[in-house]
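Chains, contacts and geometry: an overview
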Amino acid sequence: MNYYTLAREWMELRTDMPQMRENRQLSKMMQGEIYVLIYLAMNGNQAYPKDISTRMSVSSARIAKILNCLEETEIITRTKDPNNSRQTIVTLTEKGAAITRKHQQAILDRMAWMLELLGPEDAKEYVRLQKKLTECFQKATFHPQEGY
């Protein structure tokens, strides 16, 4: 099997993806404020800003800006950690939790529709391959033959 041939084919497909409305909308849903809300919801409605920053691979300044916007609109609160006063805990408010549920449902609806387009066998295979690739990325270190 020639992995470079497959890689080229994949690159050609990826250059078409940003032009697809569905892909743009899904990508937008998984960034910025919405991502922070979903991350909080998936972590018991609270987290440390540093953990959010690490998970999103963005600067702490970017997270601070996002959190400021969310706090101004009463979607989250920030309080001192009772166990470590140097730490701040970010918590979803009731309003934030309701908004997050709506966003999560919208993402699930869109993904279910996209998977349905593939049909049952291909949808299962797509999710299986995404899981496998995620596991491989978590274990592997990329050592390019040539520097970038």
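This text goes with the structure placed above it.
So, here's what we can say about the structure. This is a predicted model, so every value here is computed, not measured.

Quick look at the pattern of salt bridges
If charged atoms from side chains of opposite charge come close, those side chains can pair. A full pass over the atoms with the stated rule returns two salt bridges. Ionic pairing is found between Glu-71 and Arg-78, a salt bridge with its closest N-O pair at 2.9 Å. Given a relative accessible area of 32%, Glu-71 falls into the partly exposed group.

Points about a nonpolar patch on the surface
Taken together, the side chains of Met-1, Tyr-3 and Leu-6 make up a nonpolar region of the molecular surface, amounting to roughly 410 Å² of accessible area. Secondary-structure assignment places Met-1 in the segment before helix H1 (3–16).

Considering helix H4 (residues 49–56)
Residue pairs spaced three or four apart in an α-helix point in one direction, given the helix's 3.6 residues per turn. For H4, the full list of buried residues reads Ile-52, Ser-53 and Met-56. Mapping the buried residues of H4 onto a view down its axis gives an arc of 100°, with all of them on the same face. Exposed and facing more than 90 degrees away from the buried side of H4 are Lys-50, Thr-54 and Arg-55.

Structural notes on the packing of H4 against helix H5 (residues 60–72)
Interhelical geometry of H4 versus H5 gives an angle of 115° and a closest axis separation of 9 Å. Taken as a pair, H4 and H5 cross one another with a handedness that is right-handed. Counting all contacts with H4, which are made through Pro-49, Ile-52, Ser-53 and Met-56, the residues of H5 involved are Ser-60, Ile-63, Ile-66 and Leu-67. Partitioned by chemical class, the residues of the contact of H4 with H5 number six nonpolar, two polar and no charged.

Focus: the nonpolar core
Of all hydrophobic cores here, the largest spans 16 residues; its most connected members are Val-36, Leu-40, Ile-52, Met-56, Leu-67, Leu-70 and Ile-76. Counting only elements with at least two residues in this core, the list comes to helix H3 (32–42), H4, H5 and strand S3 (84–92). Not counting residues up to four positions away in its chain, the partners in contact with Val-36 are Ile-52, Met-56, Ile-66, Leu-67 and Leu-70.

Considerations on the side chain of Asp-81
Turning to its location among the elements, Asp-81 is positioned in strand S2 (residues 76–81). For the buried Asp-81, which has no salt bridge, the nearest side chain bearing the opposite charge is Arg-86, at an N-O separation of 9.8 Å. The residues contacting Asp-81, other than those within four sequence positions of it, are Tyr-48, Gln-87, Thr-88 and Ile-89.

Some details on the environment of Gln-19
Structurally, Gln-19 can be placed in the loop between H1 and helix H2 (21–29). For Gln-19, a relative accessible area of 61% corresponds to the exposed category.

Section: the sheet that holds S2
By way of backbone hydrogen bonds, the strands of a sheet pair with one another, either parallel or antiparallel. Read across the sheet, three strands follow the order S1-S3-S2 without closing on themselves; strand pairing throughout is antiparallel. Each end of this open sheet is capped by a strand with a single partner; those strands are strand S1 (46–47) and S2. Of the pairings in the sheet, the one linking S1 to S3 comprises two bridges and is antiparallel in character. Note that in S3 the partner of Gln-46 across the bridge is Thr-91. Helix-sheet contacts for H3 involve S1, S2 and S3, and the interaxial angle to S3 is about 100°. The strands touched by H5 are S2 and S3; relative to S2, the strand with the most contacts, the crossing angle is about 115°.

Cut-offs and rules
- Residues numbered from 1 in each chain as written.
- Predicted model: local features only at pLDDT ≥ 70, side-chain atom pairs only at ≥ 80, totals over all residues.
- Heavy atoms only, no water.
- Salt bridge = Lys/Arg side-chain N within 4 Å of Asp/Glu carboxyl O.
- Buried < 20%, exposed > 50% of the residue type's maximum accessible area, 1.4 Å probe, protein only.
- Patch = residues over 30% accessible without salt bridge, like charges linked within 9 Å, V, L, I, M, F, W, Y side chains within 5 Å.
- Areas by Shrake-Rupley, 256 points an atom, 1.4 Å probe, with all protein chains shown as cover.
- Helix = DSSP H or I, 4+ residues; strand = E, 2+ residues; numbered from the N terminus.
- Arc of directions from axis to C-beta.
- Axes fitted to C-alpha atoms, helices over the stretch in contact; angles between N-to-C directions.
- Left-handed = near helix turned anticlockwise from the far one by under 90°.
- Contact = heavy atoms within 4.5 Å.
- Nonpolar A, V, L, I, M, F, W, Y, C, P; charged D, E, K, R; others polar.
- Core = buried A, V, L, I, M, F, W, Y, C linked by side-chain atoms within 4.5 Å.
- Lys, Arg positive; Asp, Glu negative; His and termini not counted.
- Pairing = 2+ DSSP bridges.

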